[in-house]
Amino acid sequence: MTSVTRAVSRGRKPRELLPTGTPLTLLEADGRTVRPADLDMPDDDVLVALHRKMALARRFDTQATALTRQGRLAVYPSARGQEASEIGAVLALRPQDWLFPTYRDSVAVVCRGVDPVEALSLLRGDWHCGYDPYEYRVAPQCTPLATHALHAVGLAHAARLKGEDTVALVMLGDGATSEGDTHAALNFAAVWQSPVVFFVQNNGYAISVPLSKQTAAPSLAHKGIGYGVPAMLVDGNDAAAVYAAVRGAVASAAEGGGPTLIEALTYRVEAHTNADDATRYRRQDEVEQWLARDPLARIRQHLLGRGLLDGPAIAALEAEADAEAAALRQRMNTDTEHDPADLFRHVYAEQTPALHGQLQELSAELAAAADDAEVSR
Amino acid sequence: MTAIAERGRARPVTTAEVTMAAALNRALADALGEDETVLVFGEDVGPLGGVFRVTDGLAARFGDARVFDTPLTESGIVGAAIGMAMNGLRPVVEMQFDAFAYPAFEQITSHLAKFRNRTRGRVALPVVIRIPYGGGIGGVEHHSDSSEVYYAHTPGLRVVTPATPGDAYALLRQAIECPDPVIFLEPKRRYWSKQAVVLDHAGTALDQAIVRRAGSDVTLIAYGGTLDTALEAADAAAEEGRSVEVIDLRSLSPFDDETVTASVRRTGRAIVVHEASRFCGYGAEVAARVSEQCFHYLEAPVLRVTGFDIPYPPPHLEEYHLPSVDRILDAIDRLQWQETRPAVTAGR
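Note that the structure is predicted; figures quoted are calculated from it, not measured.

Chemist: It is not clear to me how the overall build of chain B should be interpreted in this structure. Could you clarify?
Modeler: Check the secondary structure of chain B and you find 12 helices and 14 strands. In terms of overall size, chain B behaves like a compact globule, its C-alpha atoms giving a radius of gyration of 20 Å where 348 residues would be expected to give roughly 20 Å. Overall, chain B is about 65 × 45 × 40 Å in size when its C-alpha atoms are taken along their principal axes. The buried share of chain B, reckoned over its 348 residues, is 58%.

Here it is, written out as structure tokens:
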């Protein structure tokens, strides 16, 4: 294993760790290019890919919410309005990097290549995460807040010890930044100079609690300086800016520059989940203001304006998105087979005698119930 | 103490008397030497060698990439260990004291214990969390908790605790090799107990109890810090004509029903001994299992000799809290001998 030096300061002046006062932006809300640019504009093919994946994500998200109404998903936390952040961050990762998502980041997980039905396993009400984390380099979607940030740090630190070129990106929400594990993870990553990108999607609300009740910091990105972690505040509805910021942070981490904290300023257009009622805690005119800053429309306008996209291409993309949604709907409309014995299979590497005994108990119970059903028929 | 059942192949390394702390140190050194994926980290485990010196000399010998101090955050230590294990390493982390492990509780119960299950076996987390636990060393508050049931109650964790130096070595080596996460509870008042042993880990399996003393009238079930108290009580009881069997559980989860049940079915009487509070304590589970599995063999209720249901007392008062030889002997006397047969009669 390679030895790891733990340079804490990296020679940066404190001021250089601070984020900008206003969010870094590449595209105006109407799609025009910001001049002078705050970041390096991604290549045209990247912009086209961002738009394409965001359109697919938007349709996936709508379909997933619909599946809750049909009883096919137990719950779905929508990422509508956050597609620039979700997709921009994932497309900026390299194949060898790892993604540590939360429950709200299903569209990011799918964008990383995970089969949509597998990605929705937990939200469908299953007992496991669906996909093989090693196959996609995507950790299970994390339900407790911020705990997975430490897993990202540990995985990235191990990669460095083993001499692997791997960066871990962890997705967090604004509420999660109040959790102790966010503090712990930023601090560990900074002290160890681990190749980690802390990607905070500030969507304005932690269920019902607005950011003003969450923190008194000038911005969430300002928290970085306290750990010696350089931070960026980026327009989270600008896919080009998110992509460029994350790409830069990944490159820096891969070159031994340590962790970066990125706050993507965005908005949760839907309620916390389908089970939540957002009208109890926020006004519709606030939502309307953010709808006018829609991230998908923004990059679409930009591409149309530059001739990188046209009406027929959009129509074809919408048709593709509809077809994917239809396929998802169809696959989710089949009842899954559940074997209760599976619940006992992976608790330990080898089933313990006690668990084996309890499985026998349950099996006998099920057999008796089946016999009863047979008799009553 | 009767012959300690350190079975298995004898390695060339026969030691003079070693303390439990030294045996643990040796186990860590041997694991680090044999497997380059093993890492040791925590608070003060580097140059200082840990507050109990269990990691003494390891950082100098194996380098600070493999044995190192972390920021002072227990959830951070366990959370980072989880990520490292996801990436193929075998972290052995130290929580400095029992009660200081509580900040890591969410990482342990919500992630470490469940990762294998929620990934259908694809992600194994071979993490060992060493926790010095229990009282008897005159520690001030928060330094003497017996926290075993918090972990034993959590599916997906293994919980083990050695009571002798030889077992400390064997169990720690086995815990590090185990594919499941292991909570490794070190009875800190036994750290300086000595034993001449062969340090080997090919003996009794990680999840098996050991009969430390054979007897026929009553079974004492103990672990960790209370094993020696139980053995002393057994010696004293022998002078009064009672033949006492003493079981060292070693593995609190999974529980070795087979060894315990076989013993109690022979003796017909059982007492569980532990330092931890009685209510919902580990003894409650043992008593329930013994009652379920040995009911028709029992001559008396299963008794518990435990700490009281109070916060762990300060140094000047802890002697009143800890299970003593006298308390165990009193409990043996209460096992309804007069209603059955003379005490010297061999149990069924």
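Past the structure itself, the notes keep going.
Chemist: Is there a simple way to think about helix α3 (residues 83-91) of chain A in this case?
Modeler: Two residues of an α-helix separated by three or four positions point the same way, owing to the 3.6 residues in each turn. The buried fraction of α3 of chain A amounts to 9 of the 9 residues, a majority that puts the element mostly inside the structure. Residues Glu83, Ala84, Ser85, Glu86, Ile87, Gly88, Ala89, Val90 and Leu91 of chain A constitute the buried set of α3 of chain A.

Chemist: I keep staring at the confidence of the model for chain B and nothing clicks. Help me out?
Modeler: Caution applies to low-pLDDT parts of the model: their predicted coordinates are not meant to be read in detail. All names here are of chain B. Per-residue confidence for chain B averages 93 on the pLDDT scale, and 93% of its residues sit at or above 70. When the criterion is pLDDT under 50, residues 1-12 qualifies, and its contacts beyond four places in sequence or with other chains add up to 24 contacts. Both scores are given for the predicted complex: the pTM is 0.94, the ipTM 0.95.

Chemist: What should I look at first to understand helix α12 (residues 295-305) of chain A in this one?
Modeler: Residues and elements named next belong to chain A. Among the residues of α12, Pro295, Leu296, Arg298, Ile299, His302 and Leu303 are the ones counted as buried. With its buried residues spanning 165 degrees around the axis, α12 presents them on a single face. Where α12 is buried, its residues contact α2 (44-69), α3 and α10 (239-254). Of the residues trailing α12, Gly307 is marked for its positive phi of about 75 degrees.

Chemist: Would you explain the sheet that holds strand β2 (residues 168-173) of chain A in this entry?
Modeler: The strands that make up a sheet pair up through hydrogen bonds in the backbone, lying either parallel or antiparallel. All names here are of chain A. The strand order across the open sheet built from 5 strands is β1-β2-β3-β7-β6, with neighbouring strands paired in parallel fashion. Here the strands that pair on one side only, and so sit at the sheet edges, are β1 (98-100) and β6 (231-235). On average, each strand axis in the sheet is inclined to that of its neighbour by 20 degrees, with strand direction left out of account. The pairing of β2 with strand β3 (residues 196-202) spans 6 bridges and is parallel. Pairing of Val170 across the sheet is with Phe198, part of β3. In the packing of α10 onto the sheet, contacts are made with β2, β3, β6 and β7 (260-265), and the angle to β7 comes to roughly 170 degrees.

Chemist: Just to check I follow, could you spell out the domain arrangement of chain A for this structure?
Modeler: The accessible area lost on association of the parts is a frequent measure of interface size. What the domain assignment lists for chain A is domain 1 (14-332) and domain 2 (340-376). Each of domain 1 of chain A and domain 2 of chain A has a C-alpha centre, and the two are 41 Å apart.

Chemist: How should the nonpolar core be read in this particular structure?
Modeler: Inside soluble globular proteins, nonpolar side chains tend to come together where they are buried. With 206 residues, the main nonpolar core has Phe199, Val246 and Ile262 of chain A together with Leu220 of chain B as its most contacted residues. In terms of residues, this core owes the most to one element, α10 of chain A, which gives 11 residues. In contact with Ile262 of chain A, other than residues within four places in its own chain, are Val197, Phe198, Phe199, Val200, Met232, Val234, Ala245, Val246 and Ala249 of chain A.

Chemist: What should I look at first to understand the environment of Cys142 of chain A in this one?
Modeler: Residues and elements named next belong to chain A. Mapped onto the elements, Cys142 comes out in the loop between α7 (133-136) and α8 (147-161). Judged by C-beta crowding, with 24 C-beta atoms within 10 Å, Cys142 ranks as buried. Sequence separation between Cys142 and Val375 is 233 residues, and the spatial gap between their C-alpha atoms is 45 Å. In contact with Cys142, not counting residues within four places along its chain, are Phe100, Thr102, Thr147 and His148.

Chemist: Would you explain the interface of chain A and chain B in this entry?
Modeler: At the interface, 34 residues of chain A touch 39 residues of chain B. Mapped onto the side of chain A that touches chain B, the elements with two or more residues apiece are α7, α8, α9 (180-192) and α14 (353-376) of chain A. Ranked by residues supplied to the side of chain A that touches chain B, first place goes to α8 of chain A with 11 residues. Taken together, the residues of the side of chain A that touches chain B sort by class into 22 nonpolar, 10 polar and 2 charged.

Chemist: Is there a simple way to explain the environment of Asn202 of chain A in this structure?
Modeler: Mapping Asn202 of chain A onto the fold places it in strand β3. Not counting chain neighbours up to four residues away, the residues in contact with Asn202 of chain A comprise Asp174, Leu211, Leu220, Gly236, Glu263, Ala264, Leu265 and Thr266 of chain A.

Chemist: For this particular structure, what's the right way to read the domain arrangement of chain B?
Modeler: Residue and element names in this part refer to chain B. Taken domain by domain, chain B consists of domain 1 (17-198) and domain 2 (210-333). The distance between the C-alpha centroids of domain 1 and domain 2 comes to 26 Å. If you look at the interface, domain 1 gives 26 residues, while domain 2 gives 20 residues. Contributions of two or more residues to the side of domain 1 that touches domain 2 are made by α6 (148-152), β6 (158-160), α7 (165-177) and β7 (182-187). A class-by-class count of the residues in the side of domain 1 that touches domain 2 yields 11 nonpolar, 8 polar and 7 charged.

Chemist: Where do I start with unusual backbone geometry in this structure?
Modeler: As a rule of thumb, non-glycine residues mostly have phi less than zero, and peptide bonds are mostly trans rather than cis. Residue Arg35 of chain A is joined to Pro36 of chain A through a cis peptide bond whose omega torsion reads 0 degrees. Along the chain, the position of Pro36 of chain A falls in the loop between α1 (14-17) and α2. Residue Pro254 of chain B is bonded to the preceding Ser253 of chain B through a cis peptide linkage, with omega at -5 degrees. Within the secondary structure layout, Pro254 of chain B lies in the loop between β12 (251-253) and α9 (257-267).

About the criteria used
The residue numbers shown here count from 1 along each chain, following its written sequence. Both sets of labels track the order of writing: A upward for chains, 1 upward for ligands. Thresholds applied to this predicted model are a pLDDT of at least 70 for local features of residues and 80 or more for the giving and counting of side-chain atom pairs; totals over whole chains, interfaces and linings are not thresholded and use all residues. Runs of H or I in DSSP of at least four residues are treated as helices and runs of E of at least two as strands, each being numbered from the N terminus. For the radius of gyration, the atom set is restricted to C-alpha positions; the globular benchmark scales as 2.2 Å times the number of residues to the power 0.38. Three exposure classes are used, based on other C-beta atoms lying within 10 Å of a residue's own C-beta, which is placed from the backbone: buried for 20 or more, exposed for 12 or fewer, and partly exposed in between. Values of pLDDT, the confidence the predictor places in each residue, fall between 0 and 100. Each residue is represented by a C-beta atom placed from its backbone, and any two residues with such atoms within 7 Å are regarded as in contact. The directions from the helix axis to the C-beta atoms are what the arc is built from. Two strands form a pair only when DSSP identifies at least two bridges running between them. Axis definition: a line fitted to C-alpha atoms, over the contacting stretch in the case of helices. Angles run 0 to 180 degrees between N-to-C directions. Where each domain starts and ends follows an automatic or database-derived domain assignment. By our criterion, buried Ala, Val, Leu, Ile, Met, Phe, Trp, Tyr and Cys residues that link up through C-beta atoms within 7 Å make up a nonpolar core. Gly counts as polar in this scheme, as do all residues outside two lists: the nonpolar Ala, Val, Leu, Ile, Met, Phe, Trp, Tyr, Cys and Pro, and the charged Asp, Glu, Lys and Arg.

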